[in-house]
Amino acid sequence: MKKIIVQIVSIVLAISCAHAQSNDSTAEANKMKWWKDAKFGMFIHWGVYSVLAGTYEGKRIPGPGEWIMNTAKIPIDKYKPYAKQFNPVKYDPEAWVKMAKDAGVKYIVITSKHHDGFALFDSKVTDWNIVDATPYGKDLLKPLFAACRKEGIKIGFYYSQAQDWNHPGGAAINGHWDKAQDGGMDAYLDTIAVPQVKEILSNYGDIDILWWDTPEDMTKARAEKFIPILNQHPNLITNNRLGGGFKGDTETPEQFVPSTGFPGRNWETCMTMNDTWGYKSYDTNWKSSKTLIRNLTEIVSKGGNFLLNVGPTAEGEIPQASIERLAAMGKWLHVNKESIYGTTASPFPYLSYGRCTRKGQKLYLHVFDYPSNGSLGVPMTNKITKAYLLADPMKPLLVTIRKENKHSVIHLPKKVPDSINTVVVVEFKGEPVVSPSPMEGIEAVVSSQNSASEGARNLTDGNRLTRWTSANTERNATATVDFKKPVVISTVVFDEPWHPWNNKKQNLTLQYKTGTIWKTIVKKTTKGIGGKENFKPVIAQYFRLLIENKDEAPSLLEWQMYGPE
Ligand code: FHN
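Residues numbered from 1 in each chain as written. Predicted model: local features only at pLDDT ≥ 70, side-chain atom pairs only at ≥ 80, totals over all residues. Heavy atoms only, no water.

1. Some thoughts on the confidence of the model for the chain
Going by this rule: Think of pLDDT as the predictor's per-residue confidence, scored from 0 to 100. Residue contacts are counted whenever heavy atoms from the two residues lie within 4.5 Å of one another.
For the chain, per-residue confidence averages 94 on the pLDDT scale, and 96% of positions sit at 70 or higher. Note that pLDDT drops below 50 for residues 8-21; the model gives that stretch zero contacts with residues more than four away or on any other chain.

2. Some details on the pairing of strand E1 (residues 40-44)
Cut-off, in case you're wondering: Throughout, exposure labels follow a simple rule: accessible area from a 1.4 Å probe, protein chains only, divided by the maximum for the residue type, with under 20% read as buried, over 50% as exposed, and the rest as partly exposed. Secondary structure elements are taken from DSSP: a helix is a run of H or I of four residues or more, a strand is a run of E of two residues or more, and numbering for both begins at the N terminus. By the convention used here, strands pair only if DSSP detects at least 2 bridges between them.
The buried fraction of E1 is high, at five of five residues. Burial of the side chains of E1 extends over both faces: Phe40, Met42 and Ile44 are buried on one face and Gly41 and Phe43 on the other. Here E1 runs beside strand E10 (residues 305-310); their pairing, made up of five bridges, is parallel. By the bridge assignment for E10, Gly41 is matched with Leu307.

3. Description of the site of the ligand
Going by this rule: Nearness of a residue to a molecule or strand requires only that one of the residue's heavy atoms be within 4 Å of it. Here a polar contact is taken to be a pair of N or O atoms separated by no more than 3.5 Å, where protein atoms must pair a possible hydrogen donor with a possible acceptor and residues adjacent in sequence count only if both atoms sit in side chains. All accessible-area figures derive from a Shrake-Rupley calculation using a 1.4 Å probe, and residue coverage is judged against the displayed protein chains alone.
Taken together, 15 residues sit near the ligand, with His45, Glu66, His115, Asp213 and Glu254 positioned nearest. One of the side-chain N or O atoms of Arg241 is found 3.3 Å from an oxygen atom in the ligand. Isolated, the ligand exposes 320 Å² of accessible area, and the fraction of that covered by the protein chains is 93%.

4. Some remarks on the environment of Met42
For Met42, the position within the fold is in strand E1. Met42 gets classed as buried once you look at its relative accessible area, which sits at 0%. Separated by 193 residues in sequence, Met42 and Asn235 have C-alpha atoms that sit 20 Å apart. If near-sequence neighbours (up to four positions away) are discounted, Met42 is found in contact with Met99, Ala100, Val105, Tyr107, Ile108, Val109, Leu307, Leu308, Val310 and Leu326.

5. Some words on the sheet that holds strand E13 (residues 375-378)
Using the following cut-off: Orientation is described by axes fitted as lines to C-alpha atoms, over the contacting stretch for helices, and by angles from 0 to 180 degrees between their N-to-C directions.
Reading across from one edge, E13-E17-E16 is the order of the three strands in this open sheet, with antiparallel pairing throughout. This sheet does not close on itself; its edge strands, each paired only once, are E13 and strand E16 (399-402). Across this sheet, the average inter-strand angle for adjacent strands is 30 degrees, counted without regard to direction. Pairing analysis gives four bridges linking E16 to strand E17 (residues 407-411), with the strands arranged antiparallel. For Thr400, the partnering residue across the bridge sits in E17 and is Val409.

What follows is the structure, encoded as structure tokens:
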């Protein structure tokens with residue numbers, strides 16, 4: 001009898017746990033719904049550093065503009081007076097929000113306080129803020145919040161919870177350089193960071209995102225100081241940078257697009273348009289609109305969001321170069337919005353000509369490299385019921401079937417409709433059944449492997465989450481595949497297991513065998529996240545990859561090759 005009662009209790013417990021869990025995951029999904037659909041946000045880095053604009057005492061200081069105090073080791077009593085020149089009289093938050101909205105931006109995240117500890121809001125816990133320390137004297141976040149609400153744009157505040165170079169006890173990457181910075185970090189968190197986070201979460205109404213940054217010296221106990229506040233805002237989206245092991249809602253790759261995205265996690269690539277977040281008067285290394293539109297597309301095709309930065313001047317103007325780029329993105333999005341917002345990731349691991357996004361029974365093929373013969377391969381076996389250009393939906397495109405590689409072919413107009421990214425819509429039946437890669441089922445013969453768990457089979461298994469690593473002592477590894485018969489190859493893709501910040505490099509050489517000679521097709525130095533190369537079709541049975549890593553055992557997550565689609 002006792003046994004039966006125990007069993008019943010455990011079943012009831014299991015059911016209620018499962019119920020609670022599904023309630024939790026429903027609440028989580030509801031909370032993230034708008035964010036997942038939004039895809040495109042605008043980051044704003046703005047503060048006293050914008051006055052210096054990259055120059056201190058006549059010297060151009062390297063690195064990002066908002067780091068100038070740390071990089072140039074400016075003492076507090078020399079940095080603080082610059083606030084007297086922070087007078088953004090040209091600040092027009094309504095115009096900023098309108099410009100962002102026209103660009104297709106769905107949310108804005110602004111630095112409420114960056115690492116220099118300066119608050120852009122009317123803080124009562126320190127006078128190192130816009131109201132008390134500057135001639136401008138008015139809260140900058142309040143009118144931005146109001147403008148965003150008016151225009152239906154979501155709003156988030158960035159808050160540097162750990163680093164603070166102007167309050168005693170605040171952390172500093174590379175250490176303090178001014179005695180006045182010394183103090184207890186716990187006291188700093190209790191008297192400045194925690195109360196300020198309460199202020200930004202309650203001064204204006206409910207904000208949508210709280211964006212932590214650089215969890216330097218943040219232990220679990222220190223991070224926990226913020227949790228009760230967060231618990232009072234169940235709809236607030238937070239990122240993974242609080243520290244102390246808190247995962248938050250989003251992963252935040254910075255300045256790069258991860259090759260695999262983050263399966264099972266929401267993620268957002270944040271990126272600058274030039275080489276700085278905060279304004280630098282002489283940084284003109286602007287990314288082109290083409291790069292930015294393609295970055296947005298690539299990120300969305302991998303299931304992520306793009307948070308693209310602008311750094312306004314101390315007078316309150318967004319640089320013209322940023323305005324132009326945002327306008328170009330808006331122009332492209334105006335025609336192609338359906339292929340970005342509310343979409344999910346591509347069903348195809350790779351497409352030689354570009355990227356793909358999906359909404360229900362529609363695939364959006366984003367064509368970066370327009371086929372010279374006008375034939376666009378769709379590597380899936382599903383029946384395609386309709387195809388057309390998103391820019392010209394009334395004109396159907398001819399679809400034929402290429403039996404030999406189970407692809408459909410869309411016949412495109414000869415003249416390239418959009419040289420940056422032509423979007424072709426494909427309507428199809430069923431769930432996508434992707435045609436196998438030519439390397440599927442073929443295991444590479446490698447010069448060595450570290451262990452069975454990082455063995456050769458991981459290299460070509462189609463799973464970019466498993467990894468092959470050569471023996472510890474190896475620096476020049478080889479991997480060879482035998483297709484058993486001649487095949488046509490025109491694209492190679494590599495995925496690597498590192499973050500670009502790890503500064504890892506590998507030299508990769510792809511070769512094919514003709515007679516007894518190995519001939520080189522592609523040579524590439526990768527930066528830790530792999531890459532893709534298209535080349536003139538090569539017919540061969542044997543291909544090999546030479547992987548040189550000068551610092552450690554060569555390693556790859558995946559090596560795949562494809563023929564023309
Ligand atoms: O140090 C900051 C940097 O200034 C900038 O704010 C970026 C944005 O993601 N975050 C930090 C570096 O990761």
